[in-house]
Amino acid sequence: MAIRIITDSAADYSAQEIERRDIICIPMSISFGEENYLDGVDLSKEEFFEKLMSQSEFPKTAQPSPMVFMDHFKEAKEAGDTVIAILISSALSGTVQTAIMAKDMIEYDNIYIMDSKNATLGMRILVDRAVVLKEQGKSAEEIVEELETLRDRIRLYAGLDTLEYLYKGGRLSKGQAVIGNLVNLKPAVTITEEGTVELCGKQIGIRHVYKQLAKIVEEDAPDVEYPIYFLYSYDKKNCAGFIQYLQKKGMDFGAPKIRGIGATIGSHIGTGAFGIVYVK
């Protein structure tokens, strides 16, 4: 009886990474007006950001349909395999709820559905750990138990280069965005323990965001037993600057693991964002 690990495209894996880990990745849907795409299947990260910058319509992301989960769950049931599904925060998407509905319809107990309470590289830390534990021969129960403990220690912090997409997505008023842009205001965001995206600071200029996030990272003392990821959206410049800033402050985490984020979070934070994801 094998263990099948499922995630969704909010984890921002490339096709090669999915294949290498032997995992299943279920794509979210993205629409720009009348145009519909499957995240990471017929719309790459680069293409998504190019559309985001060039089109006036704000994109909408939608969770996968229950049928997609049902197909995978049914296949596992017929093979007598166990499923561990590690999915985007239920506070950001209805994907977890959809998977639970699909499990109920398939009527198969050997399906574990986990709310990652995270997104992008925070999800990836959990999925990667599940892959390692599976390779070590751990049972599904042991894997899920360890992941639930690990989940509470994952931290994601990001600095934004623009207020435009917070405004377009309805998180800021037009007045706040206009004033913010005039004074070169750069927000910092985090994913909370409840799995929501929230502002955790506002600084004048990107270097002050570097300083704020560096202070948080230093106090948290990332656990180097786990990967430390640096994220960027479309443009790596601010991410590279942040890594250099940390190194100057004596926080050198070896060869940086830099990964681009995709549509699920990218639509809210826009281009030029940077951040760090680690286990506290």
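Whatever comes next refers back to the structure up there.
What counts, and where the lines are drawn
Residues numbered from 1 in each chain as written. Predicted model: local features only at pLDDT ≥ 70, side-chain atom pairs only at ≥ 80, totals over all residues. Heavy atoms only, no water. Helix = DSSP H or I, 4+ residues; strand = E, 2+ residues; numbered from the N terminus. Rg over C-alpha atoms; globule rule 2.2 N^0.38 Å. Buried < 20%, exposed > 50% of the residue type's maximum accessible area, 1.4 Å probe, protein only. Contact = heavy atoms within 4.5 Å. Areas by Shrake-Rupley, 256 points an atom, 1.4 Å probe, with all protein chains shown as cover. Lys, Arg positive; Asp, Glu negative; His and termini not counted. Charge placed at Lys NZ, Arg CZ, Asp CG, Glu CD. Disulfide = S-S within 2.5 Å. Patch = residues over 30% accessible without salt bridge, like charges linked within 9 Å, V, L, I, M, F, W, Y side chains within 5 Å. Salt bridge = Lys/Arg side-chain N within 4 Å of Asp/Glu carboxyl O. Phe/Tyr/Trp six-rings, centres within 6.5 Å; stacked < 30°, edge-to-face > 60°. Lys NZ or Arg CZ within 6 Å of the ring centre and 35° of its normal. 1 Å grid on protein atoms, 1.4 Å probe; cavity = no way out; pocket = protein on both sides within 12 Å on 5 of 7 lines; lining within 4 Å. Points joined across faces, edges and corners; volume = space filled by probe spheres on them. Pairing = 2+ DSSP bridges. Axes fitted to C-alpha atoms, helices over the stretch in contact; angles between N-to-C directions. Expected span 1.5 Å × (residues − 1).

A.B. asks: Any chance you could break down the overall build of the chain for me, citing the residues and the numbers?
C.D. replies: Scanning the chain from terminus to terminus reveals 11 helices and 13 strands. Here the C-alpha atoms of the chain give a radius of gyration of 19 Å, agreeing with the 19 Å that 2.2 N^0.38 yields for 280 residues. Expressed as lengths along the three principal axes of its C-alpha atoms, the size of the chain is roughly 60 × 45 × 30 Å. Considering the chain as a whole, with its 280 residues, one finds that 51% of them fall into the buried category. Put simply, of all contacts in the chain between residues at least 6 apart along the chain, 75% involve residues at least 24 apart. Here the chain displays about 13,200 Å² of accessible surface, and carbon together with sulfur accounts for 48% of that area. When the 32 positive and 41 negative side-chain charges of the chain are each reduced to one mean point, those points stand 8 Å apart.

A.B. asks: Summarise the state of the cysteines; cite the residues concerned and give the values.
C.D. replies: All chains considered together, the criterion is met by zero disulfides. Between Cys-239, a free cysteine, and Cys-200, which holds the nearest cysteine sulfur, the sulfur-to-sulfur gap is 16 Å. A relative accessible area of 1% places Cys-239 in the buried class.

A.B. asks: Lay out unusual backbone geometry in plain terms, naming residues and giving numbers.
C.D. replies: The phi dihedral of Asp-12 is positive, around 60°, even though this residue is not glycine. Tracing the backbone shows Asp-12 in the loop between strand S1 (3-8) and helix H1 (15-21). We note that Asp-22 has phi near 55°; this positive angle belongs to a residue other than glycine. In this fold, Asp-22 is placed in the loop between H1 and strand S2 (24-26).

A.B. asks: Quick one: what's the story with a positive patch on the surface, residue by residue and with numbers?
C.D. replies: Among the surface-exposed residues, Arg-207, Lys-211, Lys-248 and Lys-249 lie close enough to one another that they form a single positively charged patch. If you trace the backbone, Lys-249 turns up in the loop between helix H10 (237-248) and strand S12 (257-260).

A.B. asks: Go over the packing of aromatic side chains with me, naming the residues and quoting the values.
C.D. replies: Applying the stated criterion across every chain, the model contains nine aromatic pairs. Measuring from ring centre to ring centre gives 5.1 Å for Phe-48 and Phe-49, while their planes differ by 70°; the resulting arrangement is edge-to-face. With centroids separated by 5.9 Å and ring planes inclined at 40°, the aromatic side chains of Phe-69 and Phe-73 adopt a geometry described as tilted. With Phe-69 and Phe-73 both in helix H3 (residues 66-79), this residue pair falls four residues apart, about one helical turn. Each of the two residues, Phe-69 as well as Phe-73, counts as buried. A network of ring pairs unites the aromatic residues Tyr-210, Phe-230, Phe-242, Tyr-245 and Phe-274 as a single cluster. Note that Arg-124 overlies the ring of Tyr-229, its terminal NZ or CZ placed 5.6 Å from the centroid.

A.B. asks: Go over empty space enclosed by the protein with me, naming the residues and quoting the values.
C.D. replies: Scanning all chains against the criterion turns up one cavity of 30 Å³ or more. The volume enclosed by the largest cavity comes to roughly 40 Å³. Lining the largest cavity, in full, are Phe-230, Ile-243, Leu-246, Gln-247, Met-251, Asp-252, Phe-253, Gly-254 and Pro-256. Sorting elements by how many residues they give to the lining of the largest cavity places H10 first, with three residues.

A.B. asks: Lay out the pattern of salt bridges with the relevant residues and their values.
C.D. replies: A pair can form between side chains of opposite charge whenever their charged atoms are brought close. According to the stated counting rule, one finds 11 salt bridges in the structure shown. Across the salt bridge formed by Arg-4 and Glu-75, the nearest N and O atoms sit 3.0 Å from each other. Pair noted here: Arg-4 is in strand S1 and Glu-75 is in helix H3, with a separation of 71 residues, a long-range link. When its relative accessible area of 19% is taken as the criterion, Arg-4 is described as buried.

A.B. asks: Requested: an account of the sheet that holds strand S11 (residues 229-232), with residues and values cited.
C.D. replies: On the basis of which strands lie adjacent, the open sheet formed by six strands has the order S10-S9-S8-S13-S11-S12 and mixed pairing. The outermost strands of the open sheet, each flanked by one partner alone, are strand S10 (197-204) and S12. Averaged over all pairs of adjacent strands, the angle between their axes in this sheet comes to 20°, without regard to strand direction. With four bridges joining them, S11 and S12 adopt parallel strand pairing. Opposite Tyr-229, over in S12, you have Lys-257 as the bridge partner. Against the sheet, helix H9 (residues 206-220) makes contact with strand S8 (154-159), strand S9 (185-191), S10 and strand S13 (274-279), and its axis sits at roughly 5° relative to S13, the strand it touches most.

A.B. asks: Please give an account of H9 that cites residues and values.
C.D. replies: Compared with an ideal rise of 1.5 Å per residue, which puts 15 residues at 21 Å, H9 spans 21 Å between its outermost C-alpha atoms and is within 8% of the ideal. Elements that come into contact with the buried residues of H9 comprise S8, S9, S10, H10 and S13. Following H9 by one or two positions, Ala-221 has its phi on the positive side, about 50°.

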